[in-house]
Amino acid sequence: MKKVTVHIADDHQILIDGIIAVLSSEKNIEVVGHSLSGKDVLSWFASNKADVLILDINMPELDGIEVMKVFNEQNFQQKIIVLSSYDDVKLIKEVLKIGASGFLAKKCAGEHIVDAINTVYEGKQYFSKSIQDKLLSTFTGNLVKERTSSHESTFFSSLTPRELEVLRLIALQYNSKEISNELHISINTVETHRKNLISKLNVKNVVGLAIYAVKNNIV
């Protein structure tokens, strides 16, 4: 079985040791190194590879955001899970836009780190439930606004008018029966639209739609 290789970057050795201890019992995950600063991260990846980088936001010399910006400038594709002491929506949006695949608050990192690594390695995004709720709340509050920006046009360009209507109602937390009544279509048709939306936008659920919207500057 191929192991998922992980590099850990944080300026606190005790946190690195804690994550390593959590991951040591996982047969499919292997920690292949760690860094204590942003410059160390760039130096390590210049000659090494890891499937997933666990990256602290606040580090000396270069912080996590600056590291991701350098990766972008170099067109370096790396799956990254951001660690932060804060779970502010503004910060989450920023790291999403510059390439993070996941976001974990340090206070719950031990609880979620294994699932996060496996999910991100599979090419999906990972956010703890509390962060999903924050993103969904932001998305729901803004989705009902008029589509006036070019970013929104980009986001919705692949959707039919009916799919867009269904998407809006899903984001407003309507269930299938309520959507059926609102749009005067059958529940089976609603479910078909729901599946098409998930497929077209390559997400797993409504929270995935919210995350996609954040990455495309809609909220």
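The rules behind the values
Residues numbered from 1 in each chain as written. Predicted model: local features only at pLDDT ≥ 70, side-chain atom pairs only at ≥ 80, totals over all residues. Heavy atoms only, no water. Helix = DSSP H or I, 4+ residues; strand = E, 2+ residues; numbered from the N terminus. Buried < 20%, exposed > 50% of the residue type's maximum accessible area, 1.4 Å probe, protein only. Contact = heavy atoms within 4.5 Å. Phe/Tyr/Trp six-rings, centres within 6.5 Å; stacked < 30°, edge-to-face > 60°. Core = buried A, V, L, I, M, F, W, Y, C linked by side-chain atoms within 4.5 Å. Salt bridge = Lys/Arg side-chain N within 4 Å of Asp/Glu carboxyl O. Arc of directions from axis to C-beta. Axes fitted to C-alpha atoms, helices over the stretch in contact; angles between N-to-C directions. Parallel < 35°, antiparallel > 145°, perpendicular 65-115°, else oblique. Nonpolar A, V, L, I, M, F, W, Y, C, P; charged D, E, K, R; others polar.

(A) Structural view of the overall build of the protein. Across its full length, the protein holds 11 helices and 6 strands. Looking at the protein as a whole, 47% of its 219 residues qualify as buried. For the protein, long-range pairs separated by at least 24 residues make up 63% of all intrachain contacts whose partners lie at least 6 apart in sequence.

(B) Examining the packing of aromatic side chains more closely. Tallying each qualifying case throughout the model produces 4 aromatic pairs. Consider the rings of Trp44 and Phe45, whose centres lie 4.8 Å apart with planes at 75°: the pair is edge-to-face. Overall, Trp44 belongs to the buried group, its relative accessible area being 17%. On the basis of an interplanar angle of 50° and a centroid distance of 4.9 Å, the ring pair of Phe71 and Phe76 is categorised as tilted. Residue Phe71 is classed as buried on the basis of its relative accessible area of 3%. Owing to a relative accessible area of 28%, Phe76 belongs among the partly exposed residues under this scheme. Among the aromatic residues, those joined into a cluster by ring pairs are Trp44, Phe45, Phe71 and Phe76.

(C) Expanded view of the nonpolar core. Counting 25 residues, the largest nonpolar core has Val41, Leu53, Leu55, Met68, Val82, Val95 and Phe103 as its most contacted members. Among the elements of the structure, helix 2 (38-45), strand 3 (52-56), helix 3 (64-73), strand 4 (79-84) and helix 4 (89-97) are those that each provide at least two residues to this core. In contact with Leu53, other than residues within four places in its own chain, are His7, Ala9, Val41, Phe45, Phe71, Gln78, Lys79, Ile80 and Ile81. Counting residues in hydrophobic clusters, the runner-up holds 19 residues, among them Ile8, Ile29, Ala109 and Tyr126.

(D) Expanded view of the pattern of salt bridges. Evaluated as defined, the whole model comprises 5 salt bridges. Note that Glu122 is salt-bridged to Lys124, the shortest N-O span being 3.8 Å. Its relative accessible area of 39% is what places Lys124 among the partly exposed residues. For the salt bridge of Arg194 with Glu191, the shortest nitrogen-to-oxygen distance reads 3.7 Å. Of this pair, Arg194 and Glu191 both sit in helix 10 (residues 187-201), 3 residues apart, roughly one helical turn. A relative accessible area of 21% means that Arg194 is categorised as partly exposed. The class for Glu191 is partly exposed, based on a relative accessible area of 27%.

(E) View of helix 2. Taken together, the buried positions of helix 2 are occupied by Gly38, Val41, Trp44 and Phe45. The arc that holds every buried residue of helix 2, seen down its axis, measures 125°, which confines them to one face. As for helix 2, its buried residues are in contact with strand 1 (4-9), strand 2 (29-35), strand 3 and helix 3.

(F) Representation of the packing of helix 9 (residues 176-183) against helix 10 within the structure. Packing of helix 9 against helix 10 brings their axes to within 9 Å, and their N-to-C directions diverge by 110°. Taken together, the axes of helix 9 and helix 10 lie roughly perpendicular to each other. On the side of helix 9, the interface is formed by Ser176, Lys177, Ile179 and Ser180, while helix 10 contributes Ile187, Val190, Glu191 and Arg194. Counted by class, the contact of helix 9 with helix 10 contains 3 nonpolar, 2 polar and 3 charged residues.

Remember, this is a structural readout, not a statement about activity or role.
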